[in-house]
Amino acid sequence: MRLQLINRGLRSQYDLKKRTPVFSNCKRFSVSNNGYSDVDRPVSSFIPERNPEFSSRLENVQNGVDNTHGWSEAFSRKLEGVRQTVDNVCKILQSGPWGPSMEIALFKCDENLSTELVTGVLRRLENVNAALNYFQWAEKTTRRAHCPEAYNSLLMVMARTRNYEYLEQILEEISLAGFGPSNTVSIELVAGCVKKRKLKEAFDLIQTMRKFKIRPAFSAYTTVIGALSAVQEPDLMLTLFYQMQELGYEVNVHLFTTVIRAFAREGRVDAALSLLDEMKSNAFDADIVLYNVCIDCFGKAGKVDMAWKFFHELKAHGILPDDVTYTSMIGVLCKVNRLNEAVDLFEQLEFNRTVPCAYAYNTMIMGYGSAGKFDEAYSLLERQRQKGSIPSVIAYNSLLTCLGKKQRVDEALRIFQEMRKDAAPNLSTYNILIDMLCRTRKLDVALEIRDTMKEVGLFPNVLTVNIMIDRLCKAQQLDEACSIFEAMDHKVCRPNEITFCSLIDGLGRQGRVDDAYRLYEQMLDFDLTPTAIVYTSLIRNFFRCGRKEDGHKIYKEMVRRGTSPDLTLFNTYMDCVFKAGETEKGRSLFEEIKTWGFTPDVRSYSILIHGLIKAGCARETYELFYAMKEQGYVLDTFAYNTVIDGFCKSGKVNKAYQLLEEMKVKGLEPTVVTYGSVIDGLAKIDRLDEAYMLFEEAKSKGVPLNVVIYSSLVDGFGKVGRIDESYLIMEELMQKGLSPNVYTWNCLLDALLKAEELDEALVCFKSMKELKCTPNTFTYSIIINGLCRVRKFNKAFVFWQEMQKEGLKPNMITYTTMISGLAKAGNVSEADKLFQKFQAKGGKPDSACYNTMIEGLSIANRAMEAYELFEETRLRGCNIYTKTCVILLDALHKAECLEQAAIVGAILREIAKSQHASRSF
């Protein structure tokens, strides 16, 4: 139901000249010469603060002077009558939907519709639509505007039910009537949004009040500011903070502290310091709480020196640091591994102190543990005991957490046994232990610890189960993870979204996508709403398994169910689509990001650029890269690497080199990927000296070079005949403890055979096999081609047979090379068999292969077979060499195949004419 502003009652509020004064309805009762009759008085007139006469009479009664006994009886009857009428009206309103019959029943119930009745009814109602209908009807029936109390009662209904659909319209009416909601109502409206965690709506509500010139209550502002501080929205907090000052509210140190804390936690030091200066300019003195907040927040934001400054400043202002001050500063120093300073500060705190500060001990123990100094941590525990303070479960949990991070599991189990002398392990203790045991694949011990929990009266909660399932999935122990999930007692511990998400992702990553999808359906059966993270996992894993259609279906199902995607989902989906070869779909997804209201980030652009490079559209990367820069994106190493790789693959090596230098200027350290792309690009265009200089630079900077970079240089030097440099690079590679891969060996073999270093090539081939690097099809093709080039056809055929024994399938180049080699060696029968086998397997011989076979058959006096192959060559559109025609023509004459010889002769003449014409041209 929408609030109808077209009825006469509500519309009349906007025509103030025709309106009865707002409070005229308060004077509509029968009047005696003395004013009101007791019976007809409104209930408000019996409130001392509102009626001086009643106040005087009440005082007389209390003093035993007033003899009017009927007055109190009239008052009671009046209250009871209003209460009874309110009950009747509420019953009518709750009896069914609004309509004419209900209006008649309401009118019969009470024709007068007093202010007390209307406000009383509104205070009782719990349905906004019913309240609005009654509110409208009452004003239309009486033809009088409601008083502020009635409006406040209506607004309170909205606050109680958290239904603000018509709030703005009601606030507008109130504003036009010249008053505003009470402070209590203002606070309740805002508090309603805060309780529902709709903080942006709470902020907007205050802005709506201001739009209608309504002054929100002081507590309304502080309630929203406090709630926003919990979700880190400093900019909205600051807006409200300044609005309070504009309205004349006096802000205090506590409010300054709250806003400063929000900015400091986000690392926005300048804004926080600016607020501090503003506070001091307003003559506020910082207290210990503010200093503690600054030390803690600036320290956690990494501004340790700034935290130190505040620590010394508070002492300079005569404020004594308290336990919180010391402990916060110690925690900050421990976090950045400035342990010596932390210890000095801890000793200052402990000096002449009879009762140790347990919080400081816990922080210091955590500091020692994080630094791996466990002996010092144990000593501190013992020192705490000697001072009469029993170490708490927090201290032990901190210690166990650090031991888990250092994978000192046995030691952690020992500490766990010892801690029982001082403190009873809590649920967090057991979760920490189970976490580290699952990480180190000690599932049996983890299950024992879980059972121990039950023995001491603690039961695994969903966090415990989630830890076990997540860690087991990451350790690829999926069967164990599934068994824990299936063993869950749903009455005691019900799986949540995180449980399902961990297991769905774990199953999907191991290729069990159907099991993952079944779990997703089970999640829906549990009335749990899958998040974008779940859909991201399903999409990625379906694509990884080659089931891209199912991946697309998952995305469509997500949209159909109304789940909002996030930018991570879009980036993942786009990456999968490009890797699946769907370039246009990838482009459209990049545009779809914008239609969902997201702004593509650096990763979005990097994925798009990388996808276009893979699709052979590397030239487009230049425009995209500069579009990123123009839009103010802070490019990370991944973005630079992607663009540099694109430039290298599209032949723009100079631009790639410039970007490499730009990275250095901006303080981004080039990685092995960066150097690898540029070195490979330079090597491919024979700029080998520059490539080698870059190679040496990477080594000098300690970049861990991989086999790919070494292979690029081996290939580059080998192709230009610089065999010695190729050998040196290969030797250095092995000295570094790296193993050359098959591509590296192939590059070296190709270089040696092209340089006709046959013996060296065969030694390399032997070394390759000795080093457990299995030759592939390209390896044998390179050797066979090299041997045929130096007319070692029989030797080539031996390698051909070895290749077949290894189960490798020759490619087209290997077939054509071997066929040509056998034919040239006079082994026409073997060449013909190989040729027929090649064609039977769907191979398509090239011109060189056809011409070699024709020549071989002709020399072997198989003229007609040679001629048939000649015709096949022509039909396939392959070139026929002049030499081939001459050899075939001679063979046909010898075999007295004159008709065929005439055809070949005619073609030979045509070839000669075309060659003569081309020379003349």
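Calculation rules
Residues numbered from 1 in each chain as written. Predicted model: local features only at pLDDT ≥ 70, side-chain atom pairs only at ≥ 80, totals over all residues. Heavy atoms only, no water. Helix = DSSP H or I, 4+ residues; strand = E, 2+ residues; numbered from the N terminus. Buried < 20%, exposed > 50% of the residue type's maximum accessible area, 1.4 Å probe, protein only. Contact = heavy atoms within 4.5 Å. Areas by Shrake-Rupley, 256 points an atom, 1.4 Å probe, with all protein chains shown as cover. Lys, Arg positive; Asp, Glu negative; His and termini not counted. Charge placed at Lys NZ, Arg CZ, Asp CG, Glu CD. Phe/Tyr/Trp six-rings, centres within 6.5 Å; stacked < 30°, edge-to-face > 60°. Lys NZ or Arg CZ within 6 Å of the ring centre and 35° of its normal. Patch = residues over 30% accessible without salt bridge, like charges linked within 9 Å, V, L, I, M, F, W, Y side chains within 5 Å. Salt bridge = Lys/Arg side-chain N within 4 Å of Asp/Glu carboxyl O. Axes fitted to C-alpha atoms, helices over the stretch in contact; angles between N-to-C directions. Parallel < 35°, antiparallel > 145°, perpendicular 65-115°, else oblique. Nonpolar A, V, L, I, M, F, W, Y, C, P; charged D, E, K, R; others polar. Expected span 1.5 Å × (residues − 1). 1 Å grid on protein atoms, 1.4 Å probe; cavity = no way out; pocket = protein on both sides within 12 Å on 5 of 7 lines; lining within 4 Å. Points joined across faces, edges and corners; volume = space filled by probe spheres on them. pLDDT = per-residue confidence, 0-100. Disulfide = S-S within 2.5 Å. Left-handed = near helix turned anticlockwise from the far one by under 90°. Polar contact = N/O pair within 3.5 Å; in protein donor to acceptor, adjacent residues only side chain to side chain.

J.: Whenever I open this one, the overall build of the protein chain confuses me. Can you help?
T.: Secondary structure assignment for the protein chain yields 50 helices and two strands. In terms of principal-axis extent, the alpha carbons of the protein chain reach across some 155 × 80 × 60 Å. Across the 921 residues of the protein chain, 48% fall into the buried class. Counting contacts in the protein chain only where the partners sit at least 6 residues apart, residues at least 24 apart contribute 60% of the total. Carbon and sulfur atoms make up 51% of the accessible area of the protein chain, which amounts to about 45900 Å² in all. On the protein chain, the mean spot of the 116 positive side-chain charges and the mean spot of the 116 negative ones are 3 Å from each other.

J.: Explain unusual backbone geometry here, please?
T.: Glycine aside, a negative phi is what most residues show, and trans is what most peptide bonds show. Its identity as a non-glycine residue notwithstanding, Gln407 has a phi of 60°, on the positive side. A positive phi angle, close to 65°, is found at Asp686, a residue other than glycine.

J.: How do you make sense of the packing of aromatic side chains when you look at a structure like this?
T.: Here the distance between the centres and the angle between the planes together describe a pair of aromatic rings. Across all of its chains, the model carries 31 aromatic pairs by this definition. Ring centres of Phe241 and Phe256 lie 4.8 Å apart, and the angle between their planes is 70°; this geometry places the pair in the edge-to-face category. With a gap of 15 residues between them, Phe241 in helix α12 (residues 234-246) and Phe256 in helix α13 (residues 253-265) connect regions that are remote in the sequence. The two residues Phe241 and Phe256 agree in class, both being buried. Members of the aromatic cluster, joined through ring pairs, are Phe543, Tyr555, Phe570, Tyr573, Trp596 and Phe598. Looking at Arg414, its charged tip hangs above the ring of Tyr378, at a distance of 5.6 Å from the centre. The positively charged end of Arg603 is found above the aromatic ring belonging to Phe638, 5.2 Å away from the centroid.

J.: How should I be thinking about a negative patch on the surface in this particular structure?
T.: Taken together, the side chains of Glu756, Glu757, Asp759 and Glu760 define an acidic patch exposed on the protein surface. Its relative accessible area of 38% is what places Glu757 among the partly exposed residues.

J.: Would you explain the packing of helix α23 (residues 427-439) against helix α25 (residues 462-474) in this entry?
T.: When two helices pack together, their arrangement is captured by the angle between the axes and the distance separating the axes. Closest axis-to-axis distance for the α23/α25 pair is 9 Å, and the angle between their directions is 10°. Here α23 is positioned roughly parallel relative to α25, judged by the angle of their axes. Contacts between α23 and α25 involve Leu427, Asn431, Ile434, Asp435, Cys438 and Arg439 from the first element and Leu463, Thr464, Ile467, Met468 and Arg471 from the second. Of the residues belonging to the contact of α23 with α25, the class tally is six nonpolar, two polar and three charged.

J.: Would you take a moment to explain helix α30 (residues 548-560) for this structure?
T.: Every α-helical turn comprises 3.6 residues, leaving residues that sit three or four positions apart pointing alike. If you check α30, its first and last C-alpha atoms are 19 Å apart, about what 13 residues at 1.5 Å a residue would give, namely 18 Å. For α30, the complete set of buried residues consists of Gly551, His552, Ile554, Tyr555, Glu557 and Met558. Where α30 is buried, its residues meet α28 (513-525), α29 (532-544), α31 (567-579) and α32 (583-595). Directly after α30, the chain includes Gly562, whose backbone phi takes a positive value near 85°.

J.: Which parts of the structure should I look at to understand the pattern of salt bridges?
T.: If charged atoms from side chains of opposite charge come close, those side chains can pair. Applying the stated criterion to the full structure yields 56 salt bridges. Between Glu382 and Arg385 there is a salt bridge whose closest N-O contact spans 2.8 Å. One end of the pair is Glu382 and the other is Arg385, both in helix α20 (residues 374-386) and three residues apart, which spans about a single turn. Through salt bridges with shared partners, one network takes in Asp435, Arg439, Asp470, Arg471 and Lys474.

J.: What should I look at first to understand the layout of surface pockets in this one?
T.: Empty space left among the atoms is revealed by rolling a probe the size of a water molecule over them. Within this model, the second largest pocket holds a volume of roughly 440 Å³. Around the second largest pocket sit 19 residues that line it, and Asp645, Lys649, Gly676, Ser677 and Asp680 are the ones nearest its centre. Considering each element in turn, the lining of the second largest pocket owes the most residues, seven residues, to helix α37 (residues 672-684).

J.: Just checking my understanding: could you explain the confidence of the model for the protein chain for this structure?
T.: Any residue range with low pLDDT should be treated as having predicted coordinates unsuitable for detailed reading. Overall, the predicted model of the protein chain reaches an average pLDDT of 82, with 90% of residues at or above 70. Ranking the elements of the protein chain by mean pLDDT puts strand β1 (residues 31-32) last with 32 and α29 first with 94. For residues 1-55, every residue scores under 50 in pLDDT, and the model assigns this stretch 107 contacts once sequence neighbours within four places are set aside. This model gives residues 61-65 a pLDDT under 50, and the stretch forms two contacts once residues within four places in sequence are excluded.

J.: Mind showing me how you'd approach helix α8 (residues 167-177) here?
T.: Turning to α8, its buried residues number three or more, namely Leu167, Gln169, Ile170, Leu171, Glu173 and Ile174. One or two positions beyond α8, positive phi appears at Gly178, with a value near 95°.

J.: Would you take a moment to explain the environment of Met574 for this structure?
T.: Checked against the element boundaries, Met574 lands in helix α31. Using a relative accessible area of 0% as the deciding quantity, one classes Met574 as buried. For the pair Met574 and Leu589, spaced 15 residues apart in the sequence, the C-alpha separation amounts to 6.2 Å. Apart from residues no more than four positions distant in its own chain, Met574 is found in contact with Gly586, Leu589, Phe590, Ile593, Ser604, Ile607 and Leu608.

J.: What is the right way to read the state of the cysteines from this model?
T.: Should the sulfur atoms of two cysteines be covalently bonded, the bond is a disulfide. One pass over the full model with this rule turns up zero disulfides. Of all cysteine sulfurs in the structure, the one in Cys334 sits closest to Cys357, which takes part in no disulfide; the separation is 13 Å. Under the relative-accessibility criterion, Cys357 is labelled buried at 6%. Lacking any disulfide linkage, Cys501 is separated from the closest cysteine sulfur, that of Cys473, by 10 Å. Overall, Cys501 belongs to the buried group, its relative accessible area being 17%.

J.: Explain the packing of helix α6 (residues 128-142) against helix α7 (residues 148-161) to me, please; I cannot follow it from the model alone.
T.: Closest axis-to-axis distance for the α6/α7 pair is 9 Å, and the angle between their directions is 165°. In this view, α6 runs roughly antiparallel relative to α7, as classed from their interaxial angle. Crossing of α6 over α7 shows left-handed handedness. When α6 is examined against α7, the residues Val128, Ala131, Leu132 and Phe135 are found in contact with a partner set consisting of Ala150, Tyr151, Leu154, Val157, Met158 and Thr161. Looking at the contact of α6 with α7 residue by residue, the class counts come to nine nonpolar, one polar and no charged.

J.: So what exactly am I meant to see when it comes to the side chain of Thr536 here?
T.: For Thr536, the position within the fold is in helix α29. Note on Thr536: relative accessible area 7%, which makes it buried. The residues contacting Thr536, other than those within four sequence positions of it, are Asp566, Thr568, Leu569 and Thr572.

J.: What is the right way to look at the environment of Tyr249 in this model?
T.: Within the secondary structure, Tyr249 sits in the loop between α12 and α13. On the basis of relative accessible area, Tyr249 is assigned to the buried category, the value being 15%. Between the C-alpha atom of Tyr249 and that of Ala423, which follows or precedes it by 174 residues, the distance is 49 Å. If sequence neighbours within four positions are ignored, Tyr249 has contacts with Arg215, Pro216, Ala217, Phe218, Tyr221 and Met244. Separated by 3.3 Å, the side chains of Tyr249 and Arg215 make a polar contact.

J.: What am I meant to see in the environment of Tyr881 here?
T.: Along the chain, the position of Tyr881 falls in the loop between α48 (863-875) and α49 (882-894). Spatially, the C-alpha atoms of Tyr881 and Thr852 are 9.7 Å apart, while their sequence positions differ by 29 residues. Apart from residues no more than four positions distant in its own chain, Tyr881 is found in contact with Ser847, Ala848 and Asn851.

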